[in-house]
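Per-entry structural report
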Amino acid sequence: MDEKQIKAQVAEHFASDNIREDEIVLKPNGDIVIDRRKTLPWAQPLVVGRWKN
């Protein structure tokens, strides 16, 4: 799976929360982070899983 596919899958999983692909960050250490600070200044980044490349 490439980065775009992983982000699409996570966005689909969190569709009820209106998470967009540009709010999902794949960290080099393997963490999948949802970071909504661009649109919601009070939001905190949230680790929602891990990925392997």
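See the structure shown above.
This report concerns the structure included in the present document. Throughout, a residue's number is its position along its own chain's written sequence, starting from 1. The predicted nature of this model means local features are confined to residues of pLDDT at least 70 and side-chain atom pairs, given and counted, to a pLDDT of 80 or more, with totals for whole chains, interfaces and linings taken over all residues. Think of the side-chain values as coming from all heavy atoms in the structure, minus any hydrogens and water.

1. Some words on the overall build of the protein
Applied cut-off: Helical segments are the DSSP runs of H or I of at least four residues, strand segments are the runs of E of at least two, and each set is numbered from the N terminus. Atoms considered for the radius of gyration are the C-alpha atoms alone. The globule rule reads 2.2 Å times the number of residues to the power 0.38. The buried label applies to any residue whose accessible area, calculated with a 1.4 Å probe on protein chains only, is under 20% of its type's maximum; exposed applies above 50%, and partly exposed to all values in between. Throughout, a residue-residue contact means that at least one pair of heavy atoms, one from each residue, lies within 4.5 Å. For the accessible areas, the method is Shrake-Rupley and the probe is 1.4 Å, while residue cover comes only from the protein chains on display. In this tally, Asp and Glu contribute negative charge and Lys and Arg positive charge; neither His nor the terminal groups of the chain are included. Lysine's charge is taken at NZ, arginine's at CZ, aspartate's at CG and glutamate's at CD.
The helix and strand inventory of the protein stands at one helix and three strands. Counting from the amino terminus, the protein carries its helices and strands in the arrangement α-β-β-β. The C-alpha radius of gyration computed for the protein amounts to 11 Å, which stays within 12% of the reference 10 Å derived for 53 residues, consistent with globular compactness. A principal-axis box enclosing the C-alpha atoms of the protein has dimensions of 30 × 20 × 15 Å. In the protein, which comprises 53 residues, the share counted as buried stands at 28%. Counting contacts in the protein only where the partners sit at least 6 residues apart, residues at least 24 apart contribute 9% of the total. For the protein, the accessible surface area stands at approximately 4100 Å², while carbon and sulfur atoms represent 52% of it. Across the protein, the 9 positively charged side chains and the 9 negatively charged ones have centroids separated by 4 Å.

2. Considerations on unusual backbone geometry
Residues other than glycine seldom take positive phi values, yet Asn18 does so here, at roughly 55 degrees. Mapped onto the fold, Asn18 is located in the loop between helix H1 (3–13) and strand S1 (24–26). Its relative accessible area of 57% is what places Asn18 among the exposed residues.

3. Re the pattern of salt bridges
Using the following cut-off: What makes a salt bridge here is a side-chain nitrogen of Lys or Arg within 4 Å of a carboxyl oxygen of Asp or Glu, nothing more.
Enumeration according to the criterion identifies seven salt bridges in this entry. Between Glu3 and Lys7 there is a salt bridge, with the nearest N and O atoms lying 3.2 Å from each other. Of this pair, Glu3 and Lys7 both sit in helix H1, four residues apart, roughly one helical turn. Its relative accessible area of 45% is what places Glu3 among the partly exposed residues. For Asp35, the salt bridge identified is with Arg37, shortest N-O distance 2.9 Å. In this structure, a network of salt bridges that share partners links the residues Arg20, Asp22, Glu23 and Arg36.

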